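Chain and residue survey
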Amino acid sequence: VPPFPSVRGSTTALCWVMGPNNHFKCLTFGTCNGFALLWRQTRDVWLYFLQLLFTEPRHKSSFRECISKKLGSGSEITCISSSEEESTGFRVAFGTVDCRVQVWPVDSCFKVKTVFSIQLEDTKPRNLVFAPDHSQNVIIFGMEDGNVWVITERYYLDLFPVDLLW
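Here the structure is a predicted model, which means the values were calculated and not measured.

**Digging into the sheet that holds strand β1 (residues 11–18)**
- On the basis of which strands lie adjacent, the open sheet formed by four strands has the order β1-β2-β3-β4 and antiparallel pairing. Because the sheet does not close on itself, it has two edges, and the strands there are β1 and β4 (62–70). Put simply, the sheet's adjacent strands are angled 20° from each other on average, direction ignored.

Here's what the structure looks like:
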């Protein structure tokens, strides 16, 4: 059970992340109060050893909270996406109900910084994905208006509706 549920709010979006070379697993989730959390899967060696001694092992691993940050003004997180980076960690993107998109690179030590945080005009992100060509581009799908936007790698302030790209 996540700590501080009354402060953070209920879970509204989640995403499994595999680290580089499947080195670790991470559960990323967002809440209705705008908190973004990352839990890293760890093997609890002592718990596993005690279970081996006294019972059948039930839990071979557990999770440790590595990151907990409130995004912007604390609006509900509606979607999360991740993309593995080559041997350095992964990227994670969050969309919020107040039309904001944030992208973080996460290194192998679970240190984060915000690559960008951008406010869309009137599009509430329902889903977002990183482009399949391993670029930094993020494709955003609108919740109520049906718009599809692309945030480009070099010009993240220039948003292009997809119909302009074709």
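**A look at the state of the cysteines**
- Tallied over the full model, the rule gives zero disulfides.
- No disulfide involves C66; its sulfur sits 6.6 Å from that of C26, the nearest cysteine.
- For C66, a relative accessible area of 23% gives the class partly exposed.

**Structural notes on the side chain of T78**
- As for its position among the elements, T78 is in strand β5 (residues 77–85).
- Here the side chain of T78 touches P125 through a polar contact of 2.6 Å, landing on its backbone oxygen.
- Sequence-distant contacts of T78, that is, excluding residues within four places in its chain, are made with A13, G95, T96, V97, P125, R126 and M143.

**Here we look at the confidence of the model for the protein chain**
- Averaged over every residue, the pLDDT of the protein chain is 79; the share at 70 or more is 71%.
- Mean pLDDT per element in the protein chain: helix α3 (residues 162–165) is the minimum at 50, and strand β9 (residues 125–130) is the maximum at 93.

**Let's talk about the pattern of salt bridges**
- Under the definition given, this model contains two salt bridges.
- For E65, the salt bridge identified is with R8, shortest N-O distance 2.9 Å. Taken together, the residues E65 in strand β4 and R8 in helix α1 (residues 5–8) connect sequence positions 57 residues apart.
- Overall, the relative accessible area of 30% leaves E65 in the partly exposed class.
- Under the relative-accessibility criterion, R8 is labelled buried at 7%.
- Here K124 ties to E144 by a salt bridge, and the two come within 3.6 Å at their closest N and O atoms. Separated by 20 residues along the polypeptide, K124 in the loop between β8 (116–119) and β9 and E144 in the loop between β10 (138–142) and β11 (148–151) bring together distant segments of the chain.

**Description of the environment of C99**
- Within the secondary structure, C99 is located in the loop between β6 (89–96) and β7 (100–107).
- Classification of C99 by relative accessible area gives buried; the value is 10%.
- Spatially, the C-alpha atoms of C99 and G142 are 9.1 Å apart, while their sequence positions differ by 43 residues.
- Every residue in contact with C99, bar those within four places of it in the chain, is listed here: I118, Q119, L120, D122, T123, K124 and P125.

**Things to note about the sheet that holds β8**
- Strand order in this open sheet of four strands is β5-β6-β7-β8, and the pairing throughout is antiparallel. With partners counted over all chains shown, the strands left at the sheet margins are β5 and β8, one partner each. The sheet shows a mean angle of 15° between the axes of neighbouring strands, direction not considered.
- Judged from the seven bridges that link them, β6 and β7 form a sheet pairing that is antiparallel. When the bridges of β7 are listed, F90 appears paired with V106.

**Here we look at the packing of aromatic side chains**
- Under the definition given, this model contains three aromatic pairs.
- Aromatic pair F29 and W39: ring centres 5.1 Å apart, planes at 90°, arrangement edge-to-face. With F29 in strand β2 (residues 25–31) and W39 in strand β3 (residues 35–42), this pair connects stretches of sequence that are 10 residues apart. There is no split in this pair, since F29 and W39 are both buried.
- Centroid distance F90 to F110: 6.1 Å. Interplanar angle 70°. Geometry classified as edge-to-face. In this pair, F90 sits in strand β6 while F110 sits in the loop between β7 and β8, placing the two residues 20 residues apart along the sequence.
- Judged by relative accessible area, which is 8%, F110 ranks as buried.

Parameters at a glance
- Residues numbered from 1 in each chain as written.
- Predicted model: local features only at pLDDT ≥ 70, side-chain atom pairs only at ≥ 80, totals over all residues.
- Heavy atoms only, no water.
- Pairing = 2+ DSSP bridges.
- Helix = DSSP H or I, 4+ residues; strand = E, 2+ residues; numbered from the N terminus.
- Axes fitted to C-alpha atoms, helices over the stretch in contact; angles between N-to-C directions.
- Disulfide = S-S within 2.5 Å.
- Buried < 20%, exposed > 50% of the residue type's maximum accessible area, 1.4 Å probe, protein only.
- Polar contact = N/O pair within 3.5 Å; in protein donor to acceptor, adjacent residues only side chain to side chain.
- Contact = heavy atoms within 4.5 Å.
- pLDDT = per-residue confidence, 0-100.
- Salt bridge = Lys/Arg side-chain N within 4 Å of Asp/Glu carboxyl O.
- Phe/Tyr/Trp six-rings, centres within 6.5 Å; stacked < 30°, edge-to-face > 60°.

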